[in-house]
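A look at the structure
Spelled out from the first residue to the last, the chains are:
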Amino acid sequence: AALFAAAVVIPSTLSVPAQAATTIKIGVITSTSGPLASYGSAFVDAFEWGLNYYTNGTMKVAGAKLSVVKKDDGADPTTATAAFKEMVSDGVKIITGTASSGVALTLGPLAEQNKVLYISGPAKSDAVTSSKNKYVFRSGNTSFQDFAPLAGIPKIKGKKVILFVEDNAFGLGNIAAAKATLAPKGANFVEIKVPTSATDFTPYAKRAADASGDYIFIAWSNAGTSALLFKTLAQQGSYAKAVPITGLAGVAAYDAYGTFFEGFPAILSSSYFPGASTTNVSKALDAGFKKAGKSQDLFTPTGVDAARMVVKALQKNKAQNVDKMITRLEGFSWVGLKGKMQIRATDHVVIQPMY
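Everything numeric in this text was worked out from a predicted model, so none of it was measured. (Residues numbered from 1 in each chain as written. Predicted model: local features only at pLDDT ≥ 70, side-chain atom pairs only at ≥ 80, totals over all residues. Heavy atoms only, no water.)

1. Some thoughts on the overall build of the protein
Broken down by element type, the protein carries 12 helices and 14 strands. A compact globule built from 355 residues would reach a C-alpha radius of gyration of about 20 Å, and the protein, at 22 Å, matches this within 12%. Principal-axis analysis of the C-alpha atoms gives the protein an extent of 90 × 40 × 35 Å. The buried share among the 355 residues of the protein stands at 50%. (Helix = DSSP H or I, 4+ residues; strand = E, 2+ residues; numbered from the N terminus. Rg over C-alpha atoms; globule rule 2.2 N^0.38 Å. Buried < 20%, exposed > 50% of the residue type's maximum accessible area, 1.4 Å probe, protein only.)

See the structure below:
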């Protein structure tokens, strides 16, 4: 009887720490090396600032201390998968940060299989979030949202738009966004897909020039080769007839973009310009970053908003019940760094200001 009693009591005793955890681990898997390193680093800086800001400097939610566990994936899906599995095995229930669309599309199904909350970061492919996987959210914007400010291009009917993109999930997402936005307005398209590993862009740039388009939309995320890409397009005369359209990269690239498009009527869009917003969060971050000697970048809001989502998911949820996290986040709205943000309940896209 004594042995039986002990057998009954032990599982109950073991369950106590899980319900009353004093530390909650938050996983961050992103690129702090490789072609997307600047994007991942901006996310991490902003995410850590955001956790501190939204917990009023305590780094605690529901009485539990938050501990951030960071892994660099180098934009490699295999590396990211290994990091994801390691975190799940270690009891992590919330994972965020992804900069690569290819990585995000790989981790999404893993989140569903393991029933953990996955908040993708800068990764833009529209396919990352959908109504089919309730465990996946995003704190950044989609490729379709990137293209939204370009929907007002005048007299697009019958015009030829060259879609010059990386041949990966990010690039293909931009092709889909461009067609969804401009095809209903009567635009025609020429697709040029360039391997991300390419180092000689001359043949691709020549194809773009020979296509004689009215516009050339360029989607390129590899920061290490973007300067050479844009320079080669100019050298081959790709902008001679076609108006260049592209999304701006990080702040450090602004001057370079000015050089790339000197003399051409380029159309540039962005999901964020540092200093463009005057929300309370923006003012607080500006002061905090200046004090820390840091600067804002393209994906600073993405990190801050991920932190807001994490805190919301954990409030009154010390046991880290993932279903409760999902319910709390679906339809959630707040005023973030850029302005009003709202998570669309049906597919977890974040409705937000664009520029």
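2. Describing the sheet that holds strand E7 (residues 160–166)
Pairing is parallel across the open sheet formed by 5 strands, whose spatial order is E8-E7-E9-E10-E11. In this open sheet, the two edge strands, each paired with only one partner strand, are strand E8 (188–194) and strand E11 (267–269). Averaged over neighbouring strand pairs, the angle between their axes works out to 15° when direction is ignored. Of the strands in this sheet, E7, E8 and strand E9 (215–219) are in contact with helix H7 (residues 202–210), which crosses E8 at around 175°. Contacting E7, E9 and strand E10 (243–247), helix H8 (residues 226–235) runs over the sheet at an angle of about 165° to E9. (Pairing = 2+ DSSP bridges. Axes fitted to C-alpha atoms, helices over the stretch in contact; angles between N-to-C directions. Contact = heavy atoms within 4.5 Å.)

3. So, the environment of Gly140
In this structure, Gly140 sits in the loop between strand E6 (136–138) and helix H5 (143–147). The exposure class of Gly140 is buried, given its relative accessible area of 1%. Sequence separation between Gly140 and Thr98 is 42 residues; the distance between their C-alpha atoms is 9.9 Å. Excluding residues that lie within four positions of it along the chain, Gly140 makes contacts with Ser120, Gly121, Thr302, Val350 and Gln352.

4. Focus on the confidence of the model for the protein
Confidence in the prediction of the protein, expressed as mean pLDDT, is 92, and 94% of residues score 70 or more. Below pLDDT 50 for its whole length, residues 1–20 participates in 4 contacts with residues either more than four positions away or in separate chains. (pLDDT = per-residue confidence, 0-100.)

5. Let's talk about the packing of helix H3 (residues 77–89) against helix H4 (residues 101–114)
To describe two helices that pack against each other, one gives the angle between their axes and the distance between the axes. One way to put it is that H3 packs onto H4 with a least axis distance of 9 Å and a crossing angle of 25°. One way to sum up the angle between H3 and H4 is to call them roughly parallel. Judged by the twist between their axes, the crossing of H3 over H4 is right-handed. Facing H3, whose interface residues are Pro77, Ala80, Thr81, Phe84, Lys85 and Val88, H4 presents Gly102, Val103, Thr106, Leu107, Leu110, Ala111 and Asn114. Among the residues forming the contact of H3 with H4, the class breakdown is 8 nonpolar, 4 polar and 1 charged. (Parallel < 35°, antiparallel > 145°, perpendicular 65-115°, else oblique. Left-handed = near helix turned anticlockwise from the far one by under 90°. Nonpolar A, V, L, I, M, F, W, Y, C, P; charged D, E, K, R; others polar.)

6. Quick look at the pairing of strand E13 (residues 340–343)
Of the two faces of E13, only one is covered, namely that formed by Met341 and Ile343; the face formed by Lys340 and Gln342 stays uncovered. If you look at the hairpin formed by strand E12 (residues 333–335) and E13, you'll find 4 residues sitting between the two strands, and Gly339 has a positive phi there, around 140°. Counted along the chain from E13 to the antiparallel partner strand E14 (residues 350–351), the turn is 6 residues long, and its residue His348 has a positive phi close to 70°.

7. Some remarks on the pairing of E7
Counting buried residues in E7 gives 6 out of 7 residues, a clear majority hidden from the surface. Taken together, the 7 bridges between E7 and E8 define a ladder with parallel strand orientation. Residue pairing in the sheet places Val165 in a bridge with Lys193 of E8. A crossover links E7 with its parallel partner E8, the connecting element being helix H6 (residues 169–182), and its sense is right-handed. Relative to E9, E7 runs parallel, the two sharing 5 bridges. (Right-handed = clockwise from strand over helix to strand, strands pointing away.)

8. Points about the environment of Tyr53
Turning to its location among the elements, Tyr53 is positioned in helix H2 (residues 37–54). Sequence separation between Tyr53 and Val281 is 228 residues, and the spatial gap between their C-alpha atoms is 8.7 Å. If we skip the residues at most four places from it in the chain, Tyr53 touches Asn280, Val281 and Ala284.

9. Notes on the nonpolar core
The biggest cluster of nonpolar side chains holds 58 residues, and the ones touching the most others in it are Phe47, Phe84, Leu117 and Leu314. Ranked by residues supplied to this core, first place goes to helix H11 (residues 300–314) with 8 residues. Once residues within four sequence positions are removed from consideration, Phe47 is found in contact with Ile26, Val28, Val68, Thr96, Gly303, Val304, Ala306, Ala307 and Val310. In this structure, Ala208, Trp220, Tyr239 and Phe260 belong to the second largest nonpolar core, which totals 29 residues. (Core = buried A, V, L, I, M, F, W, Y, C linked by side-chain atoms within 4.5 Å.)

10. Structural notes on the side chain of Thr98
Note that Thr98 resides in the loop between strand E4 (94–96) and H4. Classification of Thr98 by relative accessible area gives buried; the value is 0%. Here Tyr118 takes part through its side chain, which lies 2.5 Å from a polar atom of the side chain of Thr98. Among all residues touching Thr98, those that are not within four sequence positions of it are Ile29, Thr30, Val103, Ala104, Leu107, Tyr118, Ser120, Gly121, Pro122 and Ala123. (Polar contact = N/O pair within 3.5 Å; in protein donor to acceptor, adjacent residues only side chain to side chain.)

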